[in-house]
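One-letter residues, chain by chain:
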Amino acid sequence: MKVRTPLAAAALEPDEGGRYGVYGGRYAPETLMAPLEELSRAYDKLRRKRTFQRRLNHLLEHYVGRPTPLYFAEGLTEHLGGARIYLKREDLLHTGAHKINNALGQVLLAKEMGKTRIIAETGAGQHGVATATAAALLGLDCVVYMGEEDMRRQRLNVYRMQLLGAEVAAVDAGSRTLKDAINEAFRDWVASFADTHYVLGTVTGPEPYPRMVRQFHSVIGSEARRQLRRLAGTPDPDVAVACVGGGSNAMGLFSAFLGQPDVLLVGVEAGGRGPELGDHAARFSGGTLGVLHGARTLVLQDEEGQVVGTHSVSAGLDYPAVGPEHVFLHDQGQIEFTSATDQEAIEGFHLLSATEGILPALESAHAIAEVTRRAPGMDGDQVILVNLSGRGDKDVESVLEYDAASGDQVPVRRPSGGDSVSVRRPSGRHSGSGAGDAE
Amino acid sequence: MSRRRKRSSRDGAIAAAFKTCAKERRSAFVPFLVAGDPSLEATPDLLRALVSGGADVIELGVAFSDPIADGPTIQRASHRALAAGSSLSAVLGIVERHREELGVPIVLFTYYNPVHARGVENFAAQAADSGVDGVLCVDLPPDEGLRELQPALEERGVDSIYLIAATSTRERIDRAAAASNGFVYYTARSDVTGEREDLIPTLAREVKRVRRRVRLPVAVGFGISTPEQVEEVAQVAHGVVVGSSLVRLVEENSAEADLAARLERRVRDLTAPLGARVL
């Protein structure tokens, strides 16, 4: 299968101010307005350019490893009983998550724009590693902003980025996590835009970021659709599921199925420790309309408009706002949102590991958790498509900590095989945190 | 672009302040502080110190949890203010109680989200009732502000002030100028807020470029912290904004009993060079 990123697709565009209905927009300090306008123009010109598309698709195929397989998860399907479950294996990409689709696209764009320096934010590593990788490949300087708290939790990813030649800049402001890393990246960019491109890692931020990041990831959905036609006999699943931090992997998958009433699109947010404000990152149940990081969208905030802390076992979902297009599509009835708690995600992590031999990223494990709730109630001829957005190697330590804190044994799969999969049910509450970036 | 006439009879306090300065042939001094730093109780005294030190217009900062346009000094101040219980409600309360007594126009300097959370109509009504003279939202460029916030403010006679930057194209300068009332705020450098040793060498030329296209007074801020810098900027600007260095003084002296007196002395030092200015 040839790699074709549908960059020039005309559908799904916001208006020229970057608005999806009342969401999105370009709420940025004046200094950045002209650079953002320049970025919009450069992106619109390049995405239609054949040579740019060819270069990107070539790298995606030979360097990144696209197309990723679509895999029929027979073990998980049998275990749950009900719908047939297909996994879109973004976890098999170079650097271990879907993030590289966007990072490579933007760094390539930056190079075409004549920029010599790249900056990025990262929650705990995946977007930072992907951006550092693309910068190393294309020979650009790279600085990745990362909260001190996340650096402590993810020492290995910090070293990975350093090995790739990037400077990892510690952010000691605020909660010292992803939100603060984004603040710091914007502060850098206000002073450096002349030679620097800011590679924002998810489908939020001021125009053109939401549509640009979505489009670089739309290859996920377009591939899945073609693969599903071959494997399942229909291009359209009954349900498509993806986790939603900022929402980039979800938007990448869903973009191929928008406007198709027979496909139910389900986004899964981080339910964290519970429904109290501050204990989760479920914007659709606990958020209100606000303006953060350049976009008007749902934000977890207090009544005075101060952004509140969030919690998730997966740092990639641990972010107080969500991509504006998600909110728009939710209003339109095109995407349904639900959440999975830390504990459900950890259970999903163990379940996929035991039934399929695949360690999912804790972010993606939230999507698996939703599948375990949904699949048993569906018919055997129905299809669930899941975006397995990243692999879980980075999270092994977090899972170990979580399990230790909740006093659970590591589950053992009996060698006699068959259907004797033991999936343990952790019972304790836990305040640990994992790894990743806004998905 | 909206050209509606303002209805309030109270309007124009900012314009009047700049006019007075022009008559006195000097630039206006526009100090900035974060409201609620180090405490809500201390803020009125500090505002009085600004006025007695020579402030012509006050920029009163509303702390926000995610100040992406601010450097470390104002970030820390915002953090302290929030920890001390500051909020947009609290700031409006301070203005309501002290605006008249202070006798100089007050511009709320804020990020858009606290305003948005309150609802723009509510905010505009409360700001006007409290005696707020103008509002500047750092992350609300005219592109968004003209549609969202400005009509409500204009309706109630509260000025909208927009930023102009070195990166602003002619079209953007014209848009900000047409949208602003009272004055426009030119950011002296493409950077976050904070003290700097030197002004950028092209500043005078840049400010003149803006002044040629703008009918309103042009105040210049970002990176201005010493009397020498104030004097230099005053050569070309109708107003000089000083923020971080005053905020740092508050930070370093917050435990001192004579904090307000120290602030007043500092403001006097900064406004001294403005006396002889012939604009």
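These numbers come from a predicted model, not from an experiment. (Residues numbered from 1 in each chain as written. Chains lettered and ligands numbered in written order. Predicted model: local features only at pLDDT ≥ 70, side-chain atom pairs only at ≥ 80, totals over all residues. Heavy atoms only, no water.)

Student: What's the story with the pairing of strand E14 (residues 383–388) of chain A in this structure? I'm lost.
Tutor: Residue and element names in this part refer to chain A. With respect to burial, E14 is a largely interior element, 6 of its 6 residues being buried. Where burial is concerned, the two faces of E14 agree: the one with Val383, Leu385 and Asn387 and the one with Ile384, Val386 and Leu388 are both buried. In this structure, strand E4 (residues 84–89) lies alongside E14, joined through 6 bridges in parallel fashion. Looking at E14, one finds that Arg89 is bridged to Leu388. Sheet analysis places strand E9 (residues 239–243) next to E14, joined by 3 bridges and oriented parallel. Residue pairing in the sheet places Val239 in a bridge with Ile384 of E14. (Buried < 20%, exposed > 50% of the residue type's maximum accessible area, 1.4 Å probe, protein only. Helix = DSSP H or I, 4+ residues; strand = E, 2+ residues; numbered from the N terminus. Pairing = 2+ DSSP bridges.)

Student: Please explain the interface of chain A and chain B as it appears in this structure.
Tutor: One frequent convention defines the size of an interface as the accessible area lost when the parts assemble. Of the residues lining the interface, 34 residues belong to chain A; the matching set on chain B comes to 38 residues. Where chain A abuts chain B, roughly 2,900 Å² becomes buried across the two surfaces, and 50% of that area is made up of carbon and sulfur atoms. On the chain A side of the contact with chain B, Glu30, Arg187 and Glu304 of chain A bury the most area, a combined 25% of that side's loss. Linking chain A to chain B there are 5 salt bridges. One salt bridge in this structure joins Glu37 of chain A and Arg172 of chain B, with 2.9 Å as the shortest N-O distance. For the interface between chain A and chain B, the tally reads 23 residue pairs in polar contact (both at pLDDT 80 or more). Taken together, the elements giving at least two residues each to the side of chain A that touches chain B come down to helix H1 (30–47), helix H8 (178–192) and strand E11 (288–292) of chain A. Of the residues assigned to the side of chain A that touches chain B, the class counts are 15 nonpolar, 9 polar and 10 charged. (Contact = heavy atoms within 4.5 Å. Buried area = accessible area lost by both parts, 1.4 Å probe. Salt bridge = Lys/Arg side-chain N within 4 Å of Asp/Glu carboxyl O. Polar contact = N/O pair within 3.5 Å; in protein donor to acceptor, adjacent residues only side chain to side chain. Nonpolar A, V, L, I, M, F, W, Y, C, P; charged D, E, K, R; others polar.)

Student: Got a minute to help me understand the sheet that holds strand E1 (residues 28–34) of chain B in this structure?
Tutor: For sheets, the rule is that strands pair by backbone hydrogen bonds, running either parallel or antiparallel. Residue and element names in this part refer to chain B. Read across the sheet, 9 strands follow the order E5-E4-E3-E2-E1-E9-E8-E7-E6 without closing on themselves; strand pairing throughout is parallel. Each edge of the sheet is formed by a strand with only one pairing partner; in this case those strands are strand E5 (159–160) and strand E6 (163–164). As defined by bridge partners, strand E7 (residues 184–187) adjoins strand E8 (residues 218–221) across 4 bridges and the pair is classed as parallel. Across the sheet, residue Tyr186 finds its bridge partner in E8, namely Val220. Each of strand E2 (58–61) and strand E3 (106–110) touches helix H4 (residues 88–102); the most contacted strand, E3, lies at about 165° to it. (Axes fitted to C-alpha atoms, helices over the stretch in contact; angles between N-to-C directions.)

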